[in-house]
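What follows is each chain in one-letter form.
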Amino acid sequence: MKTRKPAQIALFAASALVSLVIIVPFAMIFISSFKNARESALFSLAWPKEFVWKNYSVVLSKPSVLRGFLNTLMIGVVTVLLTDIFAAMAAFVIQRRPGRFSRAAYLVFFLGLIIPVSIIPTIRLMMSLHLHNTYPGIILYYMAVNLPFSIFLLTGFMKTIPKELDESALLEGCGYLRMFFQIVMPLLMTVVVTTTIVVSIAVWDDFFGSFYLVSDFRKWTIMISIYSFVSQYQTNWGIVFAFMMLVMAPMLIVYFSMQRYIIDGLTAGSLKG
């Protein structure tokens, strides 16, 4: 029998501890979503004496919940599509046309991964452009936040695509746009799937962006709907936890069903570059 080294045991113990930090709160939310107001207020892992399925029906009966889901879905889909297209185009230009401008552009995008978002100048900029409290404004904000990571990942993978493909396409009379969308873009799909998943989760889970940039309740995302919902039902945490489970469910399904693509895409976009 192969004995484990102390370093492996310590790493396993640390991983198990970190996993518990994540799993225990999630399990508490899931179990408490089936409890009544009194039991859910205890915030315990004990099973409910009687399962209260009504918590979920109360949540689904609220118009603001469906509106929040639809707003987030619309904003997320548009953000993902535009981010994937513009990130792929930027990565193509940066990698295929090396020079001072490309290096400067790549550095600017890389700094976007490090420098945090300053929300007050962002609000002032949005207001001066008349984009505050609008769908285009929040979509542009999410694009700006997620483009640096997407470009960084796609630029690394772009180096693995032979330049001879570009030259052959141009010799055959193919234009740059046609070459990009018909030849280059399909080869990027492994990493594009990864950026799609990561950006989708980032938009779905974001709170502060929509909180500061959207004040019209009709345009609230699902996270802002949770904030309002907690204020309304803070005396019944069972209903609040049921709402949280409904919000987390779509992204959990997406993540676990496509986890392999996330790992493959991150590996292809970082190590191969």
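Source: prediction; values computed, not measured.

Undergrad: In this structure, what is going on with the side chain of Thr83? I would like to understand it.
TA: Within the secondary structure, Thr83 sits in helix α4 (residues 63-96). Residue Thr83 is classed as buried on the basis of its relative accessible area of 0%.

Undergrad: I keep staring at the pattern of salt bridges and nothing clicks. Help me out?
TA: Between side chains of opposite charge, pairing is possible as soon as their charged atoms come close. Enumeration according to the criterion identifies 1 salt bridge in this entry. Arg218 is the salt-bridge partner of Asp216, the closest N and O atoms lying 3.0 Å from each other. Classification of Asp216 as buried rests on a relative accessible area of 13%.

Undergrad: Looking at this structure, I do not really get the packing of aromatic side chains. What am I missing?
TA: A ring pair, where both rings are aromatic, is described by two values, the distance of the centres and the angle of the planes. In this structure the tally under the stated criterion is 18 aromatic pairs. Measuring from centroid to centroid gives 6.2 Å for Trp47 and Phe51, while their planes differ by 45°, and the two rings are tilted. By relative accessible area, Trp47 is classed as exposed at 58%. Of the residues examined, Phe51 reaches a relative accessible area of 37% and is grouped as partly exposed. Taking the centre distance of 5.1 Å and the plane angle of 85° together, the rings of Phe180 and Phe181 count as edge-to-face. Judged by relative accessible area, Phe180 falls into the buried class, the value being 3%. Counting every residue linked through ring pairs, the aromatic cluster contains Phe30, Phe34, Trp47, Phe51, Trp53 and Tyr56. If you follow Lys219 out to its NZ or CZ, it ends over the ring of Tyr135, 5.6 Å from the centre.

Undergrad: Explain the packing of α4 against helix α9 (residues 176-187) here, please?
TA: Packed helix pairs are specified by the crossing angle of their axes together with the interaxial distance, meaning the distance between the axes. Direction vectors running N to C along α4 and α9 enclose 100°, while the axes themselves pass 12 Å from each other. In terms of their interaxial angle, α4 and α9 are classed as roughly perpendicular. Residue-level inspection shows Asp84, Ile85, Ala88, Met89 and Phe92 of α4 in contact with α9, the latter providing Leu177, Met179, Phe180, Phe181, Val184 and Met185. Of the residues assigned to the contact of α4 with α9, the class counts are 10 nonpolar, no polar and 1 charged.

Undergrad: Help me out: how do you make sense of the environment of Lys5 in this one?
TA: Tracing the backbone through its elements, the reader meets Lys5 in the segment before α1 (6-32). For Lys5 and Pro186, which are 181 residues apart along the polypeptide, the C-alpha to C-alpha distance reads 44 Å.

Undergrad: Is there a simple way to think about unusual backbone geometry in this case?
TA: What is expected of a backbone is that most residues other than glycine have negative phi and most peptide bonds are trans. One non-glycine residue, Phe43, adopts positive backbone phi at about 55°. Structurally, the position occupied by Phe43 is in the loop between α2 (37-40) and α3 (54-60).

Undergrad: Would you mind showing me how to read helix α7 (residues 135-158) here?
TA: The periodicity of an α-helix, 3.6 residues per turn, causes residues three or four positions apart to be oriented the same way. Asn146 marks the point of greatest bend in α7, at about 40°, and the proline Pro148 comes within the next four residues. Burial runs high along α7: 17 of the 24 residues are buried. Capping the start of α7 is the job of one residue whose side-chain oxygen sits 3.1 Å from the backbone nitrogen of Gly137: Thr134.

Undergrad: Even after reading the chapter, I still don't get the nonpolar core, so can you show me in this structure?
TA: Buried together is how nonpolar side chains tend to be arranged in soluble globular proteins. Core analysis: the largest hydrophobic core is formed by 22 residues, its most contacted members being Leu154, Met158, Val184 and Leu188. Of all the secondary-structure elements, those providing two or more residues to this core are α4, α7, α9 and α10 (189-205). Beyond its immediate sequence surroundings of up to four residues, Val184 is in contact with Phe92, Met158, Ile161, Asp166 and Met179. Residues Phe34, Phe69, Trp204 and Phe229 belong to the second largest nonpolar core, which totals 21 residues.

Undergrad: Looking at this model, I keep getting lost on the side chain of Thr122. Mind explaining?
TA: Here Thr122 shows up in helix α6 (residues 119-128). Dropping the residues within four chain positions of it, Thr122 is found in contact with Val117, Tyr141 and Leu213.

Criteria and cut-off values
- Counting restarts for each chain: residues are numbered from 1 in the order of the written sequence.
- In view of the model being predicted, local features appear only for residues whose pLDDT reaches at least 70, and side-chain atom pairs are presented and counted only at 80 or more, with totals across whole chains, interfaces and linings using the full set of residues.
- With hydrogens and water stripped out, all remaining heavy atoms of the structure feed into the side-chain values.
- Under the DSSP-based scheme used, a helix requires at least four consecutive residues in state H or I and a strand at least two consecutive residues in state E, with every element numbered from the N terminus.
- Type-normalised accessible area, obtained with a 1.4 Å probe on protein chains alone, sets the label of each residue: buried when under 20%, exposed when over 50%, and partly exposed for intermediate values.
- Within this document, salt bridges are pairs made up of a side-chain nitrogen of Lys or Arg and a carboxyl oxygen of Asp or Glu, the two lying within 4 Å of each other.
- For Phe, Tyr and Trp, rings pair up if their centres lie within 6.5 Å, where Trp contributes its six-membered ring, and each pair is then called stacked (planes under 30 degrees apart), edge-to-face (over 60) or tilted (otherwise).
- Distance and angle both matter: a charge sits over a ring if NZ of Lys or CZ of Arg is within 6 Å of the ring centre and within 35 degrees of the ring normal.
- Convention adopted: a line fitted to C-alpha atoms gives each axis, helices being fitted over their contacting stretch, and angles between N-to-C directions are expressed from 0 to 180 degrees.
- By definition in this entry, angles of less than 35 degrees are roughly parallel, angles greater than 145 are roughly antiparallel, angles of 65 to 115 are roughly perpendicular, and the rest are oblique.
- Only heavy atoms enter the contact rule, under which two residues are in contact if any of them lie within 4.5 Å.
- For this scheme, ten residues count as nonpolar: Ala, Val, Leu, Ile, Met, Phe, Trp, Tyr, Cys and Pro. Four count as charged, namely Asp, Glu, Lys and Arg, and the remainder, Gly too, count as polar.
- Two axes enter the definition of the bend at a residue: one is fitted to the seven residues ending there, the other to the seven starting there, and the bend is the angle between them.
- Identification of polar contacts relies on pairs of N or O atoms within 3.5 Å, with a donor-acceptor requirement for protein atoms, meaning one able to donate a hydrogen and the other able to accept it, and with residues adjacent in sequence counted only if both atoms are side-chain atoms.
- In these notes, a set of buried Ala, Val, Leu, Ile, Met, Phe, Trp, Tyr and Cys residues joined through side-chain atoms within 4.5 Å is what counts as a nonpolar core.

Geometry only, nothing functional implied.
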